[in-house]
Amino acid sequence: MSTHISVADWERVATREVTVGDVTLRVFDHGEGRPGQPPVVLCHGFPELAFSWRHQLFALAEAGYRVLVPDMRGYGGSTRPADADAYDILTLCGDLIAVIDDVGADDAVFVGHDWGAAVVWQLALAHPERVRAVAGMSVPVTTRAPAAPVPILRERLGDDFYMVWFQEPGVADAALHRDVRRTLVTKEIYSPEWAARSERIEDELSPPPWLDDDELAYYVDTFERTGFTGGLNYYRNLDRNWALTEHLADRRVTRPALFITGSKDVVAQFMPAKDLDRMLTDQRGNIVLDGAGHWIQQQRPDEVNAALLEFLSGVG
């Protein structure tokens, strides 16, 4: 069993500031690493923070790895550009390259969850020379969509599907910020119907068993300060990302790759992992943790840590 990582433990981790143009990223930096061994970069999703990787940061560092965990642009202690165009996928990939450049690394093992997974998969396609290996959680790598994705999502899943609802600037931003605790604890998928209901239902009163009150307070305090617009701007680039990455349409991920998900992750309902064999030329595992949901690295840290350590032992 893993040792409980407290908020105080996390706040003692050293941080560094990495500047990329007008953006400054706060990066948590822990562990010494070994000579010649690439750092491990952990990339969070929505609505998360670098803090989401607290269990992995300490476990990987204790195993001898140097671990770098950014608050992705738009989140936490990193800069939150107002312009949605500042959040396209290639710019996000550039942020991760800047993180490893800052520590003098030629390449790294990149691990991502949710939107972080989307970014690290894209990084492996666009800049394979900077990627020693790549692992994605919850969001699988996929082949290129036949057309811009938002109209496809709107046609198949409707205007109320969360990715479509997120497109209008200011609307979901205000709804999610109205009651930050409810936004972070709810088990529902965000939607206009969810936003219109003013009262909290029973599952929105207490955190899940894998998130204690102090941990939830860390998230709530941060998002009350920052709002959610930075993270929502990732979704507002879905069509733009599709246009910007046309030149990568025929590429495959050639680096060692791992996918981890939970059997109850709702993402699988609309993003099944059906393209892994086609997109990954060196697939080292497709792990489905029985009973686990979307927030897998926090809900099932021991199993995720074990899977990552096994993967790292074969690629370092």
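These figures come from a predicted structure and were not determined experimentally.

> Could you clarify how one ought to interpret the overall build of the chain in this entry?
Helix and strand counts for the chain stand at 15 helices and 8 strands. Relative to the 2.2 N^0.38 estimate, which gives 20 Å for 316 residues, the radius of gyration of the chain is 18 Å and therefore close to what a compact globule would have. Principal-axis analysis of the C-alpha atoms places the extent of the chain at approximately 55 × 45 × 40 Å. Across the 316 residues of the chain, 55% fall into the buried class. Sequence-distant contacts, at least 24 apart, represent 76% of the contacts inside the chain between residues at least 6 apart. Here the chain has roughly 13500 Å² of accessible surface; of this, 49% comes from carbon and sulfur atoms. Of note, the chain has its 30 positive side-chain charges centred 3 Å away from the centre of its 48 negative side-chain charges.

> What am I meant to see in the side chain of T186 here?
Structurally, the position occupied by T186 is in the loop between α8 (180-185) and α9 (192-196). Engagement of the side chain of T186 in a polar contact is seen with the side chain of W194, the distance being 3.4 Å.

> Got a minute to help me understand the packing of helix α3 (residues 89-102) against helix α4 (residues 115-126) in this structure?
Relative orientation and spacing of two packed helices are given, respectively, by the angle between their axes and the distance between those axes. Closest axis-to-axis distance for the α3/α4 pair is 9 Å, and the angle between their directions is 80 degrees. For the element pair α3 / α4, the angle class is roughly perpendicular. Residues I89, L90, L92, C93, L96 and I97 of α3 touch α4, and the partners they reach there are W115, A118, V119, V120, Q122, L123 and A126. Of the residues that constitute the contact of α3 with α4, the class distribution is 12 nonpolar, 1 polar and no charged.

> It is not clear to me how unusual backbone geometry should be interpreted in this structure. Could you clarify?
Trans peptide bonds make up most of the peptide bonds, and negative phi angles are found at most residues other than glycine. With an omega of -15 degrees, the peptide bond running from F46 to P47 counts as cis. One non-glycine residue, D114, adopts positive backbone phi at about 60 degrees. Within the secondary structure layout, D114 lies in the loop between β5 (108-113) and α4. Owing to a relative accessible area of 7%, D114 belongs among the buried residues under this scheme. The phi dihedral of S138 falls on the positive side, at around 75 degrees, and the residue is not glycine. Along the chain, S138 falls in the loop between β6 (131-137) and α5 (149-157).

> So what exactly am I meant to see when it comes to the environment of A195 here?
Tracing the sequence through the fold places A195 in helix α9. Take A195: its relative accessible area is 14%, and that puts it in the buried class. A195 sits 21 residues away from L216 along the chain, and the two C-alpha atoms are 20 Å apart. If near-sequence neighbours (up to four positions away) are discounted, A195 is found in contact with W165, A175, R178 and R182.

> Honestly, the pattern of salt bridges in this entry has me stumped. Any pointers?
When their charged atoms lie close together, side chains carrying opposite charge are able to pair. Taken as a whole and judged by the stated rule, the model has 16 salt bridges. Where D107 meets R132, a salt bridge forms, and the shortest distance between an N and an O atom there is 2.8 Å. Taken as a pair, D107 in the loop between α3 and β5 and R132 in strand β6 lie far apart in primary sequence, 25 residues in all. For D107, a relative accessible area of 14% puts it in the buried group. A salt bridge links D275 to K274; the shortest N-O distance between them is 3.5 Å.

> Would you mind showing me how to read the pairing of strand β4 (residues 67-70) here?
In the case of a regular strand, side chains alternate between the two sheet surfaces. Going residue by residue along β4, you find V67 and V69 tucked away on one face and L68 and P70 tucked away on the opposite face as well. Alignment of strand β2 (residues 23-30) against β4, held across 4 bridges, turns out to be antiparallel. Across the sheet, the residue bridging to H30 is V67, located in β4. In this structure, strand β3 (residues 40-43) lies alongside β4, joined through 2 bridges in parallel fashion. Looking at the pairing, V40 lines up with V67 of β4.

Analysis parameters
Residues numbered from 1 in each chain as written. Predicted model: local features only at pLDDT ≥ 70, side-chain atom pairs only at ≥ 80, totals over all residues. Heavy atoms only, no water. Helix = DSSP H or I, 4+ residues; strand = E, 2+ residues; numbered from the N terminus. Rg over C-alpha atoms; globule rule 2.2 N^0.38 Å. Buried < 20%, exposed > 50% of the residue type's maximum accessible area, 1.4 Å probe, protein only. Contact = heavy atoms within 4.5 Å. Areas by Shrake-Rupley, 256 points an atom, 1.4 Å probe, with all protein chains shown as cover. Lys, Arg positive; Asp, Glu negative; His and termini not counted. Charge placed at Lys NZ, Arg CZ, Asp CG, Glu CD. Polar contact = N/O pair within 3.5 Å; in protein donor to acceptor, adjacent residues only side chain to side chain. Axes fitted to C-alpha atoms, helices over the stretch in contact; angles between N-to-C directions. Parallel < 35°, antiparallel > 145°, perpendicular 65-115°, else oblique. Nonpolar A, V, L, I, M, F, W, Y, C, P; charged D, E, K, R; others polar. Salt bridge = Lys/Arg side-chain N within 4 Å of Asp/Glu carboxyl O. Pairing = 2+ DSSP bridges.

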